[in-house]
Amino acid sequence: MEIETHKVCPICGCKLLADRYDQHMEKQHSPEAELKKLLIQQEIEDMRKQRAIEGEEVVRCEICHIEIKRKNLNKHNYNVHKKKK
Ligand SMILES: [Zn+2]
Ligand SMILES: [Zn+2]
């Protein structure tokens, strides 16, 4: 017979083995872990902004709908669609 050994984390809703629960709370939801996660999120956000500034952000051409880097869009419009801005 199987015993229910799972617990659900009240914070992230993760299903966990009961004996991993304390470890999970410590690793994922301790103040240090939350801070670390926040820092990683900020880093990703910064990277995204940086890419947008550099024109590395990928956008979609509104005419042929291919995905293209923003910095190449004007060239693409001119070369492919003969559109001048
Ligand atoms: Zn959790
Ligand atoms: Zn196009």
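Residues numbered from 1 in each chain as written. Chains lettered and ligands numbered in written order. Predicted model: local features only at pLDDT ≥ 70, side-chain atom pairs only at ≥ 80, totals over all residues.

Examining the overall build of the protein
Point 1. Each helix and strand in the protein was counted, giving three helices and four strands.
Point 2. Computed over C-alpha atoms, the radius of gyration of the protein comes to 23 Å, more than 25% over the 12 Å expected from 2.2 N^0.38 for 85 residues, which places it beyond the range of a compact globule.
Point 3. For the C-alpha atoms alone, the extent of the protein along its principal axes is close to 70 × 35 × 15 Å.
Point 4. With 85 residues in all, the protein has 0% of them scored as buried.
Point 5. For the protein, contacts bridging at least 24 residues in sequence account for 0% of all contacts bridging at least 6. (Helix = DSSP H or I, 4+ residues; strand = E, 2+ residues; numbered from the N terminus. Rg over C-alpha atoms; globule rule 2.2 N^0.38 Å. Buried ≥ 20, exposed ≤ 12 C-beta atoms within 10 Å, placed from the backbone. Contact = placed C-beta atoms within 7 Å.)

Overview of the domain arrangement of the protein
One widely used convention gives an interface's size as the accessible area the parts lose upon coming together.
Point 1. Domain boundaries assigned for the protein yield domain 1 (1-53) and domain 2 (57-85).
Point 2. Between the C-alpha centres of domain 1 and domain 2 the distance comes to 39 Å. (Domains from an automatic or database assignment.)

Details of the environment of Val58
Point 1. Among the secondary structure elements, Val58 is positioned in strand S3 (residues 58-60).
Point 2. Expressed as a C-alpha distance, the spacing of Val58 and Ile68, which sit ten residues apart in the sequence, is 5.3 Å.
Point 3. Excluding residues that lie within four positions of it along the chain, Val58 makes contacts with Glu67, Ile68 and Lys69.

So, helix H2 (residues 31-53)
Point 1. A rise of 1.5 Å per residue sets the reference length of H2, with its 23 residues, at 33 Å; its end C-alpha atoms lie 33 Å apart and thus fit the reference within 8%.
Point 2. Counting buried positions along H2 gives zero out of 23 residues, so the element sits mostly on the surface.
Point 3. A positive phi of about 80 degrees marks Gly55, the residue just after H2. (Expected span 1.5 Å × (residues − 1).)

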